[in-house]
Amino acid sequence: MDADISLKVNETMQRLLDPKLLVVDDTLLYQLQDQLRNILGTEGTEWLTDCGIVNFLEKCSMSTSNLIVSFSLQLCGHLSRNQSHFELLQQKDIVTSLFLAARRTENWQEASVRYAYYSCVCDLISYHTLQFIHDSDCIKGTFESLEDNSVFVAKKAENALTTLITFVNSHASNTSQSDSGNHLTKNMFNQCINLLMTNIVGDNKECNAVTHCLHIATDIVSMDPSVTHCLHIATDIVSMDPRIMANLRGKTEFLKALKQLWTNGIYSCRKLAIHLYLTLSIEDEDLFCVEDLMNMIQVQQNVDFTTLLTICESILTTRLLHFTFCQISTDILRIPLLLSMKKQLPHSLSNVDFPCMKSSSVCYKVASQALTVIGKLQNYFHQFLPMLSEFVKYLCHLPSWNSQTKKLFTQTVRILNNMLPHPDKAACDEDKIEANSLIDTLLTKINENNTDTMVISCVLECFVPMFRNILASEKLSDNLLVFINKRSCDQRWEVRDSIIVFIKDVLSESYSIKNYCCAEVQLREWFDMTATMVLVWSAVGDSVSYVRSAAILTLSAIFLKWNDLEKISIDGEVISLDIAIEKMLIILKSDTEAFSRRSAAQFLLNVYTLKGVQSQHMTVISAAMIDCIKDFDWEVKLKSLEFLEILIKTHGLHGEQMQCCDIMVRNGTVPGGSSAENEIDIHESKPLQQALEVASSSGLFQALLTAYNDEDPIVKDKAASLINVIKHRLIHVKADCNYDGSKNNKTYDDLKALESVDLNVNVLSGLFERKKLLVDVLDNILACKSAPSGDDDPNDNLLSLVDCY
Amino acid sequence: MAEIRIVPLGAGQDVGRSCILVTLCGKNIMLDCGMHMGYNDDRRFPDFSYITREGGLTEHLDCVIISHFHLDHCGALPYMTEMVGYDGPIYMTHPTKAICPILLEDYRKITVERKGETKFFTSEHIKMAMKKTTAVNLHQVVQVDDELEIKAYYAGHVLGAAMFLMKVGQHSVLYTGDYNMTPDRHLGAAWVDKCRPDLLITESTYATTIRDSKRCRERDFLKKIHDCVDRGGKVLIPVFALGRAQELCILLETYWHRMNLNIPIYFSLGLTEKANHYYKLFIAWTNQKIKKTFVQRNMFDFKYIKPFERSYADNPGPMVVFATPGMLHAGLSLQVFKKWAPNENNMVIMPGYCVAGTVGHKILNGAKKLEIEGRQMIEIKLSVQYMSFSAHADAKGIMQLIRQCQPKNVMLVHGEAIKMDFLKAKIKQEFGVECYKPANGETVCIQCRSSIPADVSVSFLKREASLSGFPDPKKQRIVHGALLMKDNRLQLMDIHLKCRSL
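These figures come from a predicted structure and were not determined experimentally.

Below, the discussion takes up the overall build of chain B. A count of helices and strands for chain B gives 15 helices and 25 strands. Judged by the C-alpha coordinates and their principal axes, chain B covers about 100 × 55 × 45 Å. Here the contacts in chain B between residues at least 6 apart in sequence split such that 71% fall between residues at least 24 apart. When the accessible area of chain B is evaluated, it comes to approximately 20200 Å², of which 52% is carbon and sulfur surface. Both charge centroids of chain B, one from 65 positive and one from 52 negative side chains, sit 5 Å from each other.

What follows deals with the packing of aromatic side chains. This structure, assessed with the given rule, holds 26 aromatic pairs over all chains. An aromatic cluster is defined as three or more aromatic residues linked by ring pairs; in this entry it consists of B:Phe45, B:Phe48, B:Tyr79, B:Tyr107, B:Phe120 and B:Phe121. If you follow A:Arg103 out to its NZ or CZ, it ends over the ring of A:Trp108, 4.1 Å from the centre. Across from the ring centre of B:Tyr50, 5.0 Å away, lies the NZ or CZ of A:Lys155, which sits over that ring.

We now examine the nonpolar core. Most often, soluble globular proteins have nonpolar side chains that are buried together. Among the nonpolar cores identified, the biggest contains 274 residues, and A:Phe463, B:Phe221, B:Ile237, B:Trp256 and B:Phe337 are the most heavily contacted of them. With sequence-adjacent residues up to four places away left out, B:Trp256 is seen in contact with B:Ile225, B:Val229, B:Leu261, B:Ile263, B:Ile265, B:Tyr304 and B:Val320. Core analysis: the next-biggest nonpolar cluster, separate from the first, contains 60 residues, A:Ala116, A:Tyr118, A:Cys120 and A:Ala160 among them.

Contact residues are listed per partner, giving 89 residues for chain B and 72 residues for chain A. Between chain B and chain A the total buried area reaches about 7100 Å² when both faces are included, carbon and sulfur atoms providing 50% of it. Counting across the chain B and chain A interface gives 8 salt bridges. Residue B:Lys127 pairs with A:Asp497 through a salt bridge whose shortest N-O separation is 2.9 Å. Taken together, chain B and chain A are joined by 23 residue pairs in polar contact (both at pLDDT 80 or more). Along the lines of polarity and charge, the residues of the side of chain B that touches chain A split into 28 nonpolar, 26 polar and 35 charged.

Residues and elements named next belong to chain A. In contact at an axis separation of 11 Å, helix H2 (residues 27-40) and helix H5 (residues 66-79) are set at 20 degrees when each is read in the N-to-C sense. When the axis of H2 is compared with that of H5, the two are roughly parallel. Crossing of H2 over H5 shows right-handed handedness. Of the residues in H5, those in contact with Leu 29, Tyr 30, Leu 32, Gln 33, Leu 36, Arg 37 and Leu 40 of H2 are Leu 67, Phe 71, Gln 74, Leu 75, His 78 and Leu 79.

Now for the sheet that holds strand E22 (residues 444-448) of chain B. Residue and element names in this part refer to chain B. Taken in spatial order, the 7 strands make up an open sheet running E6-E5-E4-E3-E2-E1-E22, and their pairing is mixed. The open sheet has two edge strands with one neighbour each: strand E6 (133-136) and E22. In this sheet, adjacent strand axes meet at a mean angle of 25 degrees when their direction is disregarded. In this structure, strand E4 (residues 63-65) lies alongside strand E5 (residues 90-93), joined through 2 bridges in parallel fashion. The residue of E5 that forms the bridge with Val 64 is Ile 90.

This paragraph deals with helix H13 (residues 417-431) of chain B. Three or four residues apart is the spacing at which side chains of an α-helix point the same way, because the helix has 3.6 residues per turn. All names here are of chain B. Its 15 residues place the ends of H13 20 Å apart at the C-alpha level, agreeing with the 21 Å of an ideal helix rising 1.5 Å per residue. Lys 419, Met 420, Leu 423 and Ile 427 are the residues of H13 that are buried. With its buried residues spanning 95 degrees around the axis, H13 presents them on a single face. Facing away from the buried surface of H13 by more than 90 degrees, the exposed residues are Ile 418 and Gln 429.

What counts, and at which threshold
- Residues numbered from 1 in each chain as written.
- Chains lettered and ligands numbered in written order.
- Predicted model: local features only at pLDDT ≥ 70, side-chain atom pairs only at ≥ 80, totals over all residues.
- Heavy atoms only, no water.
- Helix = DSSP H or I, 4+ residues; strand = E, 2+ residues; numbered from the N terminus.
- Contact = heavy atoms within 4.5 Å.
- Areas by Shrake-Rupley, 256 points an atom, 1.4 Å probe, with all protein chains shown as cover.
- Lys, Arg positive; Asp, Glu negative; His and termini not counted.
- Charge placed at Lys NZ, Arg CZ, Asp CG, Glu CD.
- Phe/Tyr/Trp six-rings, centres within 6.5 Å; stacked < 30°, edge-to-face > 60°.
- Lys NZ or Arg CZ within 6 Å of the ring centre and 35° of its normal.
- Core = buried A, V, L, I, M, F, W, Y, C linked by side-chain atoms within 4.5 Å.
- Buried < 20%, exposed > 50% of the residue type's maximum accessible area, 1.4 Å probe, protein only.
- Buried area = accessible area lost by both parts, 1.4 Å probe.
- Salt bridge = Lys/Arg side-chain N within 4 Å of Asp/Glu carboxyl O.
- Polar contact = N/O pair within 3.5 Å; in protein donor to acceptor, adjacent residues only side chain to side chain.
- Nonpolar A, V, L, I, M, F, W, Y, C, P; charged D, E, K, R; others polar.
- Axes fitted to C-alpha atoms, helices over the stretch in contact; angles between N-to-C directions.
- Parallel < 35°, antiparallel > 145°, perpendicular 65-115°, else oblique.
- Left-handed = near helix turned anticlockwise from the far one by under 90°.
- Pairing = 2+ DSSP bridges.
- Expected span 1.5 Å × (residues − 1).
- Arc of directions from axis to C-beta.

In short, shape yes, function no, at least from these values alone.
So this is what it looks like as C-alpha cells:
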C-alpha cells in the first residue's frame, strides 16, 4: 500500500477518535468499511498497525460514540475473517474489550450497536474462531435478542444463532477433527443447546444438533405459538446445508422430532414438518394423513389461511403424494376464491365454516394469496383454469371496483395469461371456447368507460399471445377494433401507451411463434383493415414522450416485419419509408424529450440495417446518426456510437480486435505497437486506404473524437474502445498507405488526431480505482466538521442531507 | 382494542431512504419508498425482506403511498415494482406522478455511470412503475378497499407534495411526508383539517426553530451574488430544473428588479420551458399570489432571467447562470463549471445535496484540484458556497400542525435523534400526548381505544345533568343509562323509562 494512503488512513483513524468530530452522514463510515474491506484483502497484518487501525480499535472500547463503537465492531468482525489478523487483535485483547464495551448499558441501548455486535459474532463464527466464541460467552443474550424491538437486530441475532448451530453441527459430524477440536465443538454445542433449553422445558438429548433444534423449536412453539422465530431458525439451518439434510434422512430421532412437529397441531410447526418431509423425501407415508389436514381446517375455526396455503403449495409443488391429499390441497386453494364469489364450497369442505372470512376485504386478501400460490403451480393449471376464468368473469360483473378488486383482477388475468393454451400448441375445442369466452368478457370490460389504466394494460398484455384467437373470430376482432378506435384518443397517456405497446408486442410475438405464419396474412389484413397504421403514425406526434417513444419503436417493428412494405396508406395520404425517416430525423433533432430521441435513433439504426435499403436512405441516416453524437442525452450518444461501430465494420476498419476491444481497454491491455503476426497484407492496404478516406469524409473520425471528449464517462469509454480498434488497424496500414498529407488532408488530420489520443491515460487498473475510492472516502471523513460552537446554526450539519435536489 | 403498528425501514431517526410500514387495524401500508443517496449498492434501497418473511409484497401490502417526488421518498419505487415484483396499488398526487420520472431518470444516469453498476432499474422500468401508479387529487377520498380509505392534503415543500390521511373504520393515521407550514415565493403553506388521527407521523427535519435564519440565508445568498457580480465575477448555480430552482429564480428576479440591476441572469435553454410547462399544468398547486396573477402575468415568465446558450459561457463580464444538473456530474453545469473554475473572481453556489463521487460533492468537500474524467486537471480557484433552501416545517410549524389536526399520538421521523428529543419533550408538555421517535427497524405498537357512537335524547341528557347540580358544559361526566340496539343503531336511554316500556 502506498505510504501516503497509509498515512491518510492513520490520520482518519485518529480523527474518528476525536469525540468532537461530527460525522453527520453515517454512510461515510459504511463506505469506509467497504473500501477497507477491498484493500485489506491485499494487505499484510503489519499494515493494520502501520495505518493505525489496531491503535484505533484498541481505543474504541473507551469511546462513548455509538457510531464509532458500531463501526469498530463491524470492522473487527471483518478483520477476524483472517486468522492472522484475528490473532493480532487478540494479542491486544481488542475483540473482548469491544464486546464488553458494546455490552455496556449506554451502548447496548442503541440498536446499531446491538446489530454490529451480532454482525461481528456472525463473522467470528463463520471464520472459525470458535474457541473465542466459547470463551467469551458472547452468544449469551442472543436468545433474548430474537425478540428485540428492532427487526434488524432480531434478524441478525437469528442469523448468529443459526450460523452457530449449523457450524457446530457440521464440526460435530466431522470425525477427522482432533480430539481438542471435537471437545470444543461438543462443548459449544452443549452451550448452545443449553442456552436454548434454558428458555424452554425439556431434556437435552444427545443426538444430532438439527434434531435437537427441531425439538426445541417444536417445544417453544408449543408453549408459545407466537415465538415462530425458532421455526425460522430450524428452517434456515436445514435449508442452508445439504450435508445436514443428507445426514438427517433415516435418523430415527429426527423422524420422531418431525412427527412431534406435525402432531402438536400448530400450523407453523406443520408447515415446517411438511417442508422437511417433502424436501428430504422421507418414505414414511403414514406420517401425515388427509384426516389431519381436514381436522386442522374443521377443528380450528379461526384458520390461519396464509400458512395453510403455503402447506398446500409445498404439497403440490414438491411431488405427488396420495391423490386425495393433492385433491384436498387444490380444494383448499379454491376456498378463498369461492368465498369471494359467495359460492358453495367443494363437497369435501362443505361443512366447514370460515368466520374469519366473512368480510369481503379479508376474503379478497386471502384470495390474492391463493392466487399467488396457484400462479406457481404450473402442473395444476388445467384444474384451476375454469375456476379462474369464472373468477375473472365474476369480478368483471361487479358494479364497482376498488384497488383491491383491481389488484385481484390483474393478478388473475396474469395467471390466466400463462394458463391459456398457447396458439402454437394444439388446444382442444373446449379450451378454445373457454379462451374465447374469456377474451370476450375481458374485451367488454375494457370497452367500458373509465376502466382503470392498469386493468387495460394487463388485459392487453394477456391478449398478445391470444391474438390469433382474436383474429380467428370476427366478433372478437371487431370488439378489439372498437376498443382500439375508442381508446386511442384516451386522455390518459397510460392507455394510449398500452395500445401502442400492444401493437408492437403482437408484431414481436408473431416472430416468436412458429405457426404464426399461417396467420400472417390475417395479421396483415387486420393491420390494413383497422386504422392501426394511422394510430401508430399519429401517436408519433403524441404529447407524452413515453407514447411517442413507444409509437416510434412500433413503427420500426412494422417496417421490420414487412420489409416489403414501402408505403402505408393513411386516409389517402401515403406514408412511405422516406416520410417516416424524415419524421425521425426531425424528432432526433428537435424533440425536447430524450426518451423519444432515443427511440428515433433506434428507428434509424434499425432501418439502416434492413436488407435492401436504398442508398439515399443510408446517406441521410448516416449523417443524422453521426450528428447526434452531440446530443444532450447520453443514451442518444450511445446509439450514435453503436452506429459508428456499424460503420467501422462496414468500412472494414475493425479487424478481429472488435470483439475484444472493450475488454482490452477495461483491463488496460491496449495494444502498444505492431507485431509481426498482425502485419497487414499489402493487397489489403489499398481498399483500406479508400475505406479510411470514405470514413473520414463521412465524419466518423470526428464523431469519435467528439465522443471521446465527452463529459459522460460511459460515452467516453465506448468511444475509447472504438478508437482503439481503429488505431490498431492503423498501425499496420500506416507504412503502406504513406499518409503524407498530399492526398487527402482531412483524412490525414483525422488519423493524426486519432493517433494522438492516449488511451492509456483513460485506463485505470482495478487496484488504482479501489485506492482512489478509498482516498475519496478518507477525504470526506477528514473534511467533517467538529461539534458546533454556540454561534453556528444548529441545522447547518443536517442541511447538506435534507434536500435531495 | 385496535392496534397501530409502525416499523420505519428508513427515516427512523435519520434522513434518507424514507420507508415506513404502518399496520392500521390489519391493513398494511407502506409510506414512501425512498432511496439513500449515500450508498452505491443494494443498501441504497429499503430492505424489503423485513416486510414479510413469506409470500410476496403484493399480497402483504394493501397499498403504497408516495408523498412527493424527492428521491429519498420515491427513488426505490421502480426497484420495488419492477425488480422486487410489487404489483399492488401505489398512490401519489398528479404533479408527483408527472415529475417523478424526471428525477428517477436523472439519478439512474449518475448511478449507471459508476463503474460496476449493473443491478439498477432502466428507463423502461421507470415508465412501467409510473404506469402502475394512481394519481390522486387533494381532498379526494380514495377507497383502497372496503375498509381502508386515504385522503391527500396540501403539504407545500415542493410542487405536488402531499400529506396523507389513512382511515380504517374509526381509526386513522396522518402521514405528513415533508411539509412546510409557511408559504414561500411559489408554494403555499401546508394545511390539514381537524381530523384527530390516532397517530400523526410527522417529519422533524428542522426540529429547532430556524425561520429567521432562513431569511438570513436568503439575504446572504443575494449579497454573495451581488458582491461577486459587482467585482466582475460570474456566478454558477447548479440546479435541478424543477423545485427550488423556481424559488431562487423568483428571489433573484425580485432582487434584480428592486436593485435595478442589468447584469444578465440565464437559465438553461429548454429547461425553462419544461419547468414552465409543469407550473402551468399544476398552477392550482402553487401559492395564492401566483394563482391570482397567473392570468395577467405568469410569474415564471421572468423579465431578467433569459435562456442560456453554451456560447454565452465565454462572454466577458459578470453574469449569473442557473444550469442543470444540480450535482455537477455532467451536462451544461459541468461544462460551465470547468470554464469558470480557474478564475478566483467567480463563484459556484450549490443549493442542494450532492451524491458522493460527483464533482459537486468533491468541491463541497474542499477539493482544490479536480481530475475530471481521468484526464483533465482543473484548478478550483472560484469560491464554492453551499446554501440549502429546502422548505421544511420548523419546530413552530410542527407544533402548529399538531394543534391543527389534534392527534392522539405523535411520531417523529425524518430527523436527527437529538433534535427529536427536544421536540418530543415539547410536544408532551404542550399537548399531553404520547410522542414516539423509533429508530430504523424498531417496532412501535400503539393501542387505540374504539368509541361506539350512540344516540341520546336531549331530555335524558338534561335530566342526567340536573342530578349533579349546576352543569358545567366543559367538564366530562359519566351518564348512566341502558344501551339498546335497534335497526343497527345504538341508543342510550333512561333505565327506568325503558324498563317501564318493556
